[in-house]
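What follows is each chain in one-letter form.
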Amino acid sequence: MRLSSRLAVVAAAWLLVVAFSAIAAEVDPGLCTLCHGADTRGNAAVRAPRLAGLQPWYLSAQIKAYQANLRGTHPADVPGNEMRFIAAALTDQAAVDKVLSQFSRSSPSMPSPTIAGDATRGEQLYGTCAACHGGRGEGNEAVKAPALAGGSDWYQLAQLRNFTQGLRGMEPADLAGQQMRAAASGLPDAQAAADVVAYISTLR
Amino acid sequence: MTQPFSRRAFLQLAGALGGSAAVYRTAYGLGLMPAGASPGRPDLAPLSKAGRKSVLILGAGIGGLTAAYELSRKGYDVQVLEASHRAGGRNLTIRSGDLVDEVGRPQVCRFDRDPDLYFNAGPARIPGHHTALLGYCRELGIELAPFINENRNAWVQDDSTNGGKPLRNREYATDTRGFVAELVSKSIHPAQFDADLSPEDVARLREFFRQFGELDADFRYKGSSRAGLATHDYTSPSELKVPASFKDLLHSPIMSTLNFGDSYDQSAMLMEPVGGMDRIVAGFMAKVGRLVRTHAVVEKITLKDRSVEVVYRHNGRTQVATADYCLNSIPSHLLAGLEHNFPADYATGLAAIPRGKLSKIGLQSRTRFWEREGIYGGISWTMQDITQIWYPAHGIHRQKGVVLGLYNFNDAVGEKLGRLTHEQRMELALSQGEKVHPDYRSQIESGVSVVWHRMNHMLGCSARWSEGLRKQWYARLQAPVGNHYLVGDQMSYHPGWQEGAIHSAFHALADIDQRVRASQAQVPA
Ligand SMILES: Cc1cc2nc3c(=O)[nH]c(=O)nc-3n(C[C@H](O)[C@H](O)[C@H](O)COP(=O)(O)OP(=O)(O)OC[C@H]3O[C@@H](n4cnc5c(N)ncnc54)[C@H](O)[C@@H]3O)c2cc1C
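Here is what the cut-offs are and how they apply
- The residue numbers shown here count from 1 along each chain, following its written sequence.
- Written order decides the labels, with chains lettered from A and ligands numbered from 1.
- Only residues with pLDDT of at least 70 get local features here, since the model is predicted, and only at 80 or more are side-chain atom pairs given and counted; chain-wide, interface and lining totals rely on the full set of residues.
- Only hydrogens and water are set aside when side-chain values are computed; all heavy atoms of the structure are taken into account.
- Helix and strand assignments come from DSSP, with helices taken as H or I runs of at least 4 residues and strands as E runs of at least 2, each series counted from the N terminus.
- Type-normalised accessible area, obtained with a 1.4 Å probe on protein chains alone, sets the label of each residue: buried when under 20%, exposed when over 50%, and partly exposed for intermediate values.
- Two residues qualify as a contact provided that any one of their heavy atoms is within 4.5 Å of a heavy atom in the partner residue.
- Only the protein chains shown count as cover for residues, and all accessible areas are computed by the Shrake-Rupley method using a 1.4 Å probe.
- One requirement defines pairing of two strands: DSSP has to find at least two bridges between them.
- The salt bridge definition used is simple: a Lys or Arg side-chain nitrogen within 4 Å of an Asp or Glu carboxyl oxygen.

Asks: Is there a simple way to explain the overall build of chain A in this structure?
Replies: When its secondary structure is counted, chain A shows 9 helices and 0 strands. N-terminal to C-terminal, the α/β element order of chain A is α-α-α-α-α-α-α-α-α. For chain A, the proportion of its 204 residues judged to be buried stands at 47%. In chain A, the share of contacts with a sequence separation of at least 24, taken over all contacts with a separation of at least 6, comes to 64%. On chain A, roughly 10200 Å² of surface is accessible, and the fraction owed to carbon and sulfur atoms is 60%.

Asks: I keep staring at the pairing of strand β15 (residues 296-303) of chain B and nothing clicks. Help me out?
Replies: All names here are of chain B. Within β15, 6 of the 8 residues are buried, leaving the element largely enclosed by the surrounding structure. For β15 and strand β16 (residues 308-314), the ladder comprises 7 bridges, and the chain directions are antiparallel. For L303, the partnering residue across the bridge sits in β16 and is V308. Where β15 folds back onto β16 in an antiparallel hairpin, the turn is made up of 4 residues. With 2 bridges joining them, β15 and strand β19 (residues 339-340) adopt parallel strand pairing. When the sheet's bridge partners are listed, I301 is paired in β19 with H340.

Asks: What exactly am I supposed to notice about the pattern of salt bridges here?
Replies: Tallying each qualifying case throughout the model produces 37 salt bridges over all chains. Where D195(A) meets R121(A), a salt bridge forms, and the shortest distance between an N and an O atom there is 2.4 Å. Note that D195(A) is positioned in helix α9 (residues 190-200) and R121(A) in helix α6 (residues 119-133), a separation of 74 residues in sequence. On the basis of relative accessibility, which here comes to 31%, the residue R121(A) falls in the partly exposed class. Linking D513(B) and R517(B) is a salt bridge whose minimum nitrogen-to-oxygen distance equals 2.8 Å. Note that D513(B) and R517(B) are positioned in helix α16 (residues 498-522) at a spacing of 4 residues, about one turn of the helix. On the basis of relative accessible area, D513(B) is assigned to the buried category, the value being 8%.

Fair warning: the whole summary comes from geometry, so function is off the table for now.
As structure tokens, this is what we get:
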């Protein structure tokens, strides 16, 4: 190979490295939509939830929780581990917050329900949830409880399972997670979880 | 076990071993050879300038490239949108300086710059009966070499067998066969067969098993030179190896690897392109590269009355493309997350098909130490996570080589690898490889790990169709919705093989051809 073409190859390889370390400086929203779907509508096929419509402070707190190994560390939590690795590669918090606020504002069409549950029974169970998540599932920053209305129902059900089974909210430093873990343990069984999620998906 | 064989089956077998072998082979050959060189390749009606049709192809893997090649040859206006920085999809050969685009954890390959230092991170084998793919290799001038799948000099290793020390493949295989043959020949009695199986027939059967296992005159397995020799210097008498104990062999999980190379797609003869599997991609790209746009990430697909509109992001800018037809090879689980107006059940089907989680690790070695162990190409097996070590059959006797230090196809291990950093995966490959080749660690200079379910625009390997999923979704997803066709090896009965991707394209192209012919028949010339 001639020297000039060899130099060109080295230069090209270097550019690739530079382009990819740029994950740190500018977050390409395409990195997130790869899994979270167009406009972060959520994609159950890769177990990545809807981010659209969630409050930026909550999304930002979750990225920090993944980065601090407070979430997504349990070997049985495969999707959580996947997201934790992505979060670990995001080093510039300001750049992350920029894409997160963009996602927060986007409003792709609402997901159709995927969970079979008794929404009427769920409504009664939701009474205890409302204290933190709000009567219409709008969330409450003061207690760090995110909006639930409009979220991916399959994901919320999986998270309730994660909280009760000790895959999320287990770390002493994860105060918000611990609060929710205590709340989740108040749901008597899996059917109750499905019912309450079925009710949440009627909230707007 | 009273009647292991019927008399008829036995006589057929005996006949095949004896004089009528030639007849048998001919019949076998007739059944095997397909009539056409490449069944299913559609003969598209060429389009005139006035009757041109446009086709958007999503994804530039082997499926998309096949479609682009066939359509553009016949006068269709073709555009291929590919999200990645490169064409080829899962057909990926890695060399010095290449980017391994794992999400969040990109690697750059640090192998020496040398045409022999590469490995195939995706497909590596082409069975001799994958006639469509081989046909393209012929047509595109891609040089092929035999691929070595099985090597009796390679190793098998398991912690519970032989004190964890590796055995030569030939030793394990020969001893196993010997003991099985001894067991069977001891238990054959005329009474087990139909009444008219004669004592001579039974004798012939026992003789067959004697040869099968290389048993002694008393039908006992006492070791065989097939297993390799304990001592041998070519000028004095040699000594047989002492066979392992049958119980040990039986209890060893290595048993499960013995028939791997017998399956239809894994048995000889297999081929591989000289210089790497991606020579096939390069061959297609020489023909259709001008039609392929990389860094073009499809975000939205809209079915219209007589066309399909696609919105994609190209270098940060949103673009729109519209065509009469759309052939879509985007992996179904990623497609499920895009914006679209597909019918609801079709969308449910897309999200329902799970994916395999295969991984490979390529390791550059300072010397070709395996050749000094008598290993030229082929595969060693270990029951550890790394599963296999592959030795390159190219660049023989050169200074360095790239071995495949891990090829995992177990999903649980795949998930574990996904949780590890590249450095941790390297440590895993080295510490496990050391059990097969003690000097391994000091030989390996650098490595690349490709964990397919973490790779950008891929997040998995082939579609895992269960029988239930096939019944529920295959026909629905194979049929076009409007002018949109789902293709790729995911839409074949041969997922995980390039031949399946090619045939899925053939299937869609034949349908489009029919529709185009029908529409043109209505227009007076
Ligand atoms: C480890 C491994 C070993 C294998 N071994 C063999 C073997 O020995 N022999 C063999 O024949 N086959 C083998 N295969 C299978 C073979 O690789 C596949 O069958 C074949 O490459 C599939 O081609 P495809 O075109 O269907 O899909 P792909 O190659 O997956 O192509 C899909 C394309 O879509 C692109 N894409 C994704 N999202 C978007 C988007 N939003 N917009 C635009 N483009 C997008 C992707 O980047 C990709 O290029 C192996 C595969 C793996 C992973």
